[in-house]
Amino acid sequence: MNIQELDETYRILIASPEVAPFAKTGGLADVAGSLPKALAVMGNDVRVVMPKYRGITDYKTLGDFPVQVGQRKATAILREGVIRARLNGMERLVPVYFIDNYHYFDRDNMYMYFDEAERFAFFSKAILEMIKRLGWAPHVIHCNDWQTGIVPLLLREKYRHDPLYQGIATLFTIHNLKYQGNYPREVLSLIGLGDEYFTPERIEFYGNVSFMKAGIVYADVINTVSKTYAKEIQTPVYGQLMDGVLRSRAQDIYGIVNGLNYHEFNPETDARIYRNYGIGNLHDKMENKYALQRELDLPPGDVPLMGVVSRLVDQKGLDLIAEIIPDLMREDVQFVLLGTGDPYYEELFRSFHQGYPNKIAVEIGFNVALAQRIYAGCDMFLMPSRFEPCGLGQLISIRYGTIPIVRSTGGLADTVTNYEPERRAGNGFTFAEYSADALKDAVLRAIAVYRDRRIWMSLVENAMRHDFSWNRSAAEYMSVYGVARNKLEALAYPA
Ligand code: ADP
């Protein structure tokens, strides 16, 4: 997508509790840092707003304004930094507004405080007040996760009488359904809402007030980070008790897979890997494999090398991998796992290494450079997740020509297609049932294809041709912003 292809550009405000590179605990920060760049090069007037946490130091100060939080008249200091986006040598600047308040945000960490509801009630209210101060009303406020969930509610219920706010539509994006921001009834008064909001139709949720529910109920449109996950979360199995609320908005829920930062994750330029390569010189990918084998004390050679880079938690399907290890070790294969998390899995995989030191390498820890060498050096990448909202690992491995073997759930189902020998189509190997047998079957299929060098190389090339860059995802966000605007018009607020 380039600028000329857009019929319409928008003023977009992306509101997020974290934005890379300023503050990051998870994938949301990457989305909130990368999406605005792609939107900016498309010609949109896109700006970002986040809290000013302690570590953020590069900004100018624009002014301050009062924000009422319960009985407290807090002061929001408005500061401004920048994200730089480049296109064909041209630079576009994305303003990033930092909402500062010493009491709420000048702390050691970003989250996990006793007054979390109050902190993000303040942040959300400050976002809406900021619009007045800037005299800049976006076409869309793009809210992310529960910390911004009450923005659509406050906009609709408290601000729409003001003409400045009447044309603002909202999109609420769910990155992680598990964190819902559920707090006791008393937080209503912090937000400035009466008891009439404490009903199941509004924001009462199993006896609490739910910030995420506010986003789901009041946003014009909703999305999550893949189409399959968007459907899955409307079922009890994946719904984290929120499935009923989500079903009530089924017509307005979209799925958009996150993009991958194609500059950072580029095997042709990545300084963290042993030897750069691309589709044109795949033999150099082999050099990465041999070097990785040496680094991991595995005998160098042309055996299929399978990798895992993952948080070691139940979500990731590690129990299935553990179950197939004894069978897998009967094959001529090698396996490397890099991860950290649940001590149970750390110990279990360490013991596998001890049992098969010539075939299994295990590194416990968080190591970004080693992760890249694994993505570059392996032949296959395992991700048999129980659930996966979007998933980054499979996108990185595809970009590096390492064939993903995944369970078809969430974003994995949307990005990995099963290899079909007859049609020579597909970019990986998939299985549906959450069982060790199903995983084993997929791994054995991959090993069988690997044995035919020519076919395997064509599969690798096929995978590397897929485009999971932000351009594609940003184009989808543009159309969902358009849907949000149309919905707002259909609601016909008085002009
Ligand atoms: P999740 O966000 O659920 O952990 P994703 O697949 O979306 O899963 O993203 C995980 C990201 O974190 C990937 O980029 C992966 O490479 C990286 N990662 C996970 N564990 C480690 C680790 N131990 N060392 C380095 N990078 C890791």
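Since we're looking at a predicted model, the values are computed, not measured.

Draft legend 1. Region of interest: the packing of aromatic side chains. Considering all chains together, one arrives at 23 aromatic pairs under this definition. Ring plane angle 90 degrees and centroid distance 4.9 Å describe the contact between Phe205 and Tyr206, whose orientation is recorded as edge-to-face. On the basis of relative accessible area, Phe205 is assigned to the buried category, the value being 6%. For Tyr206, a relative accessible area of 59% translates into the label exposed. These aromatic residues form a ring-pair network of at least three members: Tyr53, Tyr104, Phe105, Tyr111, Phe120, Phe122, Phe123, Trp146, Tyr183 and Phe211.

Draft legend 2. Representation of the site of the ligand in the model. In the vicinity of the ligand there are 18 residues, among which Arg311, Lys316, Gly365, Tyr375 and Leu392 approach most closely. Contacts to the ligand include Lys316, whose side-chain N or O atom sits 2.8 Å from an oxygen atom. A distance of 3.0 Å is found between a nitrogen atom of the ligand and a backbone nitrogen or oxygen belonging to Asn367. For the ligand, whose accessible area on its own is 560 Å², the fraction buried by protein is 80%. Looking at the shell around the ligand, the elements that each hand over two or more residues are strand 13 (305-312), strand 14 (334-341), helix 12 (368-377) and helix 13 (393-399).

Draft legend 3. Up close: the nonpolar core. Formed by 100 residues in total, the largest nonpolar core has its most connected members in Leu39 and Tyr481. Here the element with the most residues in this core is helix 3 (residues 116-134); it accounts for 10 residues. Core analysis: the second largest hydrophobic core is formed by 70 residues, Ile273, Leu318, Met329 and Leu459 among them.

Draft legend 4. Structural context of the packing of helix 3 against helix 4 (residues 150-159). One way to put it is that helix 3 packs onto helix 4 with a least axis distance of 10 Å and a crossing angle of 50 degrees. Judged by the angle between their axes, helix 3 and helix 4 are oblique. The hand of the helix 3/helix 4 crossing is right-handed. For the pair helix 3 and helix 4, the contacting residues are Ala121, Ser124, Lys125, Ile127, Leu128 and Glu129 in the first and Ile150, Val151, Leu154, Leu155 and Tyr159 in the second. A per-class count over the contact of helix 3 with helix 4 returns eight nonpolar, one polar and two charged.

Draft legend 5. The sheet that holds strand 3 (residues 60-69), seen in detail. Within the open sheet, the nine strands sit side by side as 3-4-5-2-1-6-7-11-12. Their pairing is mixed. Whereas interior strands pair on both sides, the edge strands pair on one side only; in this sheet they are strand 3 and strand 12 (253-255). Taken pair by pair, the neighbouring strands of this sheet meet at an average axis angle of 25 degrees, ignoring direction. In this sheet, strand 5 (residues 90-100) lies alongside strand 4 (residues 72-87) in antiparallel orientation, the contact comprising 11 bridges.

Draft legend 6. Main features of the environment of Met90. Note on placement: Met90 falls in strand 5. On a C-alpha basis, the gap between Met90 and Lys158 in space is 40 Å, while along the polypeptide they are 68 residues apart.

Cut-offs used in this document
Residues numbered from 1 in each chain as written. Predicted model: local features only at pLDDT ≥ 70, side-chain atom pairs only at ≥ 80, totals over all residues. Heavy atoms only, no water. Phe/Tyr/Trp six-rings, centres within 6.5 Å; stacked < 30°, edge-to-face > 60°. Buried < 20%, exposed > 50% of the residue type's maximum accessible area, 1.4 Å probe, protein only. Near = heavy atom within 4 Å. Polar contact = N/O pair within 3.5 Å; in protein donor to acceptor, adjacent residues only side chain to side chain. Areas by Shrake-Rupley, 256 points an atom, 1.4 Å probe, with all protein chains shown as cover. Helix = DSSP H or I, 4+ residues; strand = E, 2+ residues; numbered from the N terminus. Core = buried A, V, L, I, M, F, W, Y, C linked by side-chain atoms within 4.5 Å. Axes fitted to C-alpha atoms, helices over the stretch in contact; angles between N-to-C directions. Parallel < 35°, antiparallel > 145°, perpendicular 65-115°, else oblique. Left-handed = near helix turned anticlockwise from the far one by under 90°. Contact = heavy atoms within 4.5 Å. Nonpolar A, V, L, I, M, F, W, Y, C, P; charged D, E, K, R; others polar. Pairing = 2+ DSSP bridges.

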